[in-house]
Every structure is written in structure tokens, then in C-alpha cells.
Amino acid sequence: MKQYLALCQRIIDQGTWIENERTGKRCLTVINADLEYDVGNNQFPMITTRKSFYKSAIAEFLGYMRGYDNAADFRALGTKTWDANANLNEAWLNNPHRKGEDDMGRVYGVQGRAWAKPDGTTLDQLKKIVENLKNGIDDRAEILTFYNPGEFGMGCLRPCMHTHTFSLLGDTLHLTSYQRSCDVPLGLNFNQVQVFAFLALMAQITGKKAGKAYHKIVNAHIYEDQLELMQEVQLKREPFPSPQLKINPKITSLEDLETWVTMDDFEVVGYQCHDAIKYPFSV
Ligand SMILES: Nc1nc(=O)c2c([nH]1)NC[C@@H]1CN(c3ccc(C(=O)N[C@@H](CCC(=O)O)C(=O)O)cc3)CN21
Ligand SMILES: O=c1ccn([C@H]2C[C@H](O)[C@@H](COP(=O)(O)O)O2)c(=O)[nH]1
């Protein structure tokens with residue numbers, strides 16, 4: 001939690017104002033942030049200086065692991081995070097590849113589970129990683145990437161947290177996640193939870209011990225209309241100790257994650273937090 005607040009403070013102290021054409025807003029921006037989460041000791045990085053909503057974050061990531069491409073499927077899992085990007089983004093609404101209401105196009109999970117190969121077949125990146133790790137194999141390229149520049153024009157948004165690399169040291173599994181762009185007040189709350197939960201879930205379904213998750217961010221920003229709330233409200237609060245994430249131990253395979261898992265299989269224990277803060281969301 002301290003590393004999150006330190007990053008917010010660094011953006012305020014050292015950030016540069018950058019115009020963002022897509023949203024029409026200015027962002028106070030720094031380049032390069034390294035965050036680290038202790039998944040092995042279950043130090044769940046849920047933000048405590050405001051009320052956070054971990055279930056939407058996990059639902060969103062589970063949707064990626066399932067290869068979803070439709071905001072309605074995400075809603076059914078328990079998150080509305082894709083509604084705006086699927087249905088309100090002007091450029092996407094006019095894109096001939098959009099298949100209708102709620103379609104997100106070839107983003108995130110589609111690339112992760114069904115990367116289009118030149119021969120017309122698809123490649124399941126996640127399945128290969130799970131199979132290798134289960135068999136104790138780390139080929140030094142256990143990489144899941146959602147970043148497919150050739151298909152950016154076929155999706156509503158380029159992926160932000162775009163690449164996840166797993167590493168096995170003995171029977172301990174580590175994760176390094178890369179993010180190109182980060183809305184620190186809103187998106188990072190979710191992304192921290194997602195990186196942590198992804199490693200915890202992958203360790204559980206491959207029978208490994210969870211180790212550390214390393215979260216590497218390039219462009220970390222606060223939108224101009226979020227700054228006052230961050231500076232005058234959130235940063236004036238004292239953090240509480242980290243809670244713990246409990247995952248149903250009956251989840252033991254990728255198939256379990258694809259078929260019956262719901263948000264009821266996740267629980268947070270010991271979460272103490274300050275009041276909610278409603279940060280503006282930019283589309
Ligand atoms: N500008 C922007 N920031 C983002 O963080 C972001 C995007 N766009 N577009 C794609 C996804 C969608 N994500 C989102 C979308 C909404 C919330 C949000 O509204 N969070 C609220 C309430 C969450 C809830 O009620 O479940 C929050 O207070 O955290 C967070 C992340 C992260 N991403
Ligand atoms: O997981 C996510 C997804 C999105 N974001 C934020 C980062 C930016 O503020 C916008 C995306 O805009 P781009 O112009 O494509 O960079 O969404 C996030 O923080 N986390």
C-alpha cells in the first residue's frame with residue numbers, strides 16, 4: 001500500500017503535464033514505476049485509503065482468462081468495466097469491425113486464447129503456459145501477451161496491462177507483468193488486484209507455490225479532473241494493513257476457471273478501509 005501512495009505522491013511532486021488527444025484531457029505523468037506484491041505471504045494489495053472493489057477487478061481478469069470479447073459476458077461475471085469502452089467510444093462505434101452492442105473486438109482475452117495465426121488457425125497462449133508449468137517446465141518464454149499491433153484496428157482499446165511472464169524457480173512461481181499506460185487513481189486499484197490474483201490462481205491450478213509478482217508500469221498518470229481528490233483527500237489518509245485474499249481451494253484447473261468459477265469463490269479477509277472516493281472516468 002505504501003508503494004501505491006509513494007507513486008501517487010511522486011506523480012504530484014515530479015510529474016509533467018501531458019495533453020492526451022484520445023480523451024481530450026491533460027494528465028500529470030511520470031515514466032517508469034516498479035511495484036512488487038508478496039503473493040506467497042498473501043499480502044493482498046487492495047487499496048485501503050479508499051473503498052476498493054476487488055470483485056470487479058478479479059471478474060475482469062477472469063474474463064480475459066476465458067477469452068471473452070463482449071461487455072455483456074463481463075457483466076454476467078460481475079463487472080461493468082467494459083461497458084463504456086465497448087459502447088461509448090466514438091472511434092469504435094464507427095469501426096466496421098464492431099459486431100454490435102457490447103462487442104469489444106479482438107482485445108485482451110481474444111489474443112490470449114485465440115491469437116490468429118497466418119494459416120487461419122488460432123493459438124492458445126494461456127493453455128501452453130499452464131501445461132508447461134504443471135509439468136515443472138519454464139522454457140524462459142512462459143509469456144502471455146495481449147499485445148497484437150496488427151489487430152489494434154479490430155478492437156475497442158489497445159491493452160494496457162499487455163504482457164505477463166511466468167517464471168519457475170524450483171517449485172515457486174513468480175510473475176512479471178508489464179503495463180504501458182496506467183490511470184493511477186482508477187485503473188491501478190484494479191491492476192494491482194489483478195496481477196496478484198493472476199499469480200495466486202496460476203500457482204493454485206499448476207500445483208506450485210506462489211512467490212512474488214513484479215508489476216512494471218511505463219506511463220503512470222493522474223487525469224486533471226482526478227488530481228484534487230487524490231491530493232486533498234486520498235493522500236491525506238493513513239493506510240491500514242493489507243488484507244488477505246482467500247480463493248476457493250476446489251479450483252484446481254484451467255477448465256475450472258473456464259466453467260464454474262464465480263466471484264463467490266473469492267473472499268477478502270481483514271479489509272479495513274477509508275470511505276469511497278468517486279474518481280472521474282475518462283473514455
Ligand atoms: N480512463 C480509463 N481508466 C481505466 O482505468 C480504464 C479505462 N479507461 N478503460 C479500460 C479499463 C476499464 N477499467 C476501469 C473502469 C472503471 C473503473 C471504475 O469505475 N472503478 C470505480 C468503481 C468500481 C466498481 O464499482 O466496481 C472505482 O471507484 O474504482 C475502474 C477501472 C480500467 N480501464
Ligand atoms: O487495465 C487498465 C486499462 C486501462 N487503463 C487506463 C490507462 C489510460 O488512462 C486508459 C487507456 O488509454 P490509452 O490512451 O489507450 O493509454 O486506461 C488502466 O489504467 N488499466
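Residues numbered from 1 in each chain as written. Chains lettered and ligands numbered in written order. Predicted model: local features only at pLDDT ≥ 70, side-chain atom pairs only at ≥ 80, totals over all residues. Heavy atoms only, no water.

### Quick word on the pairing of strand 9 (residues 244-247)
Item 1. Taking every second residue as pointing to the same face, the buried face of strand 9 carries Leu245 and Ile247, while none of Gln244 and Lys246 on the other face is buried.
Item 2. The sheet contact formed by strand 9 and strand 10 (residues 266-269) spans four bridges and is antiparallel. Each bridged residue has a counterpart across the sheet, and for Leu245 the counterpart in strand 10 is Val268. (Buried < 20%, exposed > 50% of the residue type's maximum accessible area, 1.4 Å probe, protein only. Helix = DSSP H or I, 4+ residues; strand = E, 2+ residues; numbered from the N terminus. Pairing = 2+ DSSP bridges.)

### Concerning the state of the cysteines
Item 1. Within this structure, the stated rule accounts for zero disulfides.
Item 2. The thiol sulfur of Cys160 is not disulfide-bonded, and the nearest other cysteine sulfur, from Cys182, lies at 8.1 Å.
Item 3. On the accessibility criterion, Cys160 (19% relative accessible area) is buried.
Item 4. Of all cysteine sulfurs, the one in Cys8 lies closest to Cys273, which takes part in no disulfide; the gap is 16 Å.
Item 5. We classify Cys273 as partly exposed; its relative accessible area is 29%. (Disulfide = S-S within 2.5 Å.)

### A word on a nonpolar patch on the surface
Item 1. Residues Leu88, Phe281 and Val283 make up a contiguous nonpolar surface patch of roughly 280 Å² in combined accessible area.
Item 2. Tracing the backbone through its elements, the reader meets Val283 in the segment after strand 10. (Patch = residues over 30% accessible without salt bridge, like charges linked within 9 Å, V, L, I, M, F, W, Y side chains within 5 Å. Areas by Shrake-Rupley, 256 points an atom, 1.4 Å probe, with all protein chains shown as cover. Salt bridge = Lys/Arg side-chain N within 4 Å of Asp/Glu carboxyl O.)

### Section: the side chain of Gln226
Item 1. Assignment of secondary structure puts Gln226 in the loop between strand 8 (209-223) and helix 9 (227-232).
Item 2. A polar side-chain atom of Gln226 sits 3.1 Å from the main-chain carbonyl oxygen of Pro280.
Item 3. Leave out the neighbours within four places in its chain, and Gln226 touches Asp183, Pro185, Leu186, Tyr279 and Pro280. (Polar contact = N/O pair within 3.5 Å; in protein donor to acceptor, adjacent residues only side chain to side chain. Contact = heavy atoms within 4.5 Å.)

### Topic: the UniProt feature "binding site: dUMP" (unreviewed entry) in the chain
Item 1. Following the UniProt record, the feature "binding site: dUMP" (unreviewed entry) maps to Arg22, Arg180, Ser181, Cys182, Asp183, Asn191, His221, Ile222 and Tyr223 here.
Item 2. Within the secondary structure layout, Cys182 lies in strand 7 (residues 172-183).
Item 3. Excluding residues within four positions of it along the chain, Cys182 makes contact with Leu188, Ile217, Asn219, Ala220 and His221.
Item 4. Inspection of the secondary structure assignment puts Asp183 in strand 7.
Item 5. For Asp183, the contacting residues outside a window of four places in its chain are Leu188, His221, Tyr223 and Gln226.
Item 6. In terms of polar contacts, Asp183 uses its side chain to reach the backbone amide nitrogen of Leu186, at 3.3 Å. (UniProt positions renumbered as here; feature names shortened; annotations may be inferred.)

### Considerations on the sheet that holds strand 5 (residues 142-145)
Item 1. The strand order across the open sheet built from six strands is 1-2-8-7-6-5, with neighbouring strands paired in mixed fashion. Two strands bound the open sheet, and with one partner strand each, they are strand 1 (16-20) and strand 5. The average undirected angle you get between the axes of adjacent strands in this sheet is 25 degrees.
Item 2. Sheet topology note: the strand 5/strand 6 (residues 161-169) ladder contains four bridges and is antiparallel. The residue of strand 6 that forms the bridge with Ile143 is Thr165.
Item 3. Running over the sheet, helix 7 (residues 125-134) touches strand 5, strand 6 and strand 7 and is turned about 160 degrees from strand 5. (Axes fitted to C-alpha atoms, helices over the stretch in contact; angles between N-to-C directions.)

### Some remarks on the site of ligand 1
Item 1. Every one of the 13 residues lining ligand 1 counts as a neighbour, but Arg50, Ser56, Asn85, Asp183 and Ser282 are closest to it.
Item 2. At 2.9 Å, a side-chain N or O of Asn85 approaches a nitrogen atom of ligand 1.
Item 3. Ser282 places a main-chain nitrogen or oxygen 2.9 Å from a nitrogen atom of ligand 1.
Item 4. Contact with the protein chains covers 78% of the free accessible surface of ligand 1, which is 660 Å².
Item 5. When grouped by side-chain class, the residues that make up the shell around ligand 1 number six nonpolar, five polar and two charged. (Near = heavy atom within 4 Å. Nonpolar A, V, L, I, M, F, W, Y, C, P; charged D, E, K, R; others polar.)

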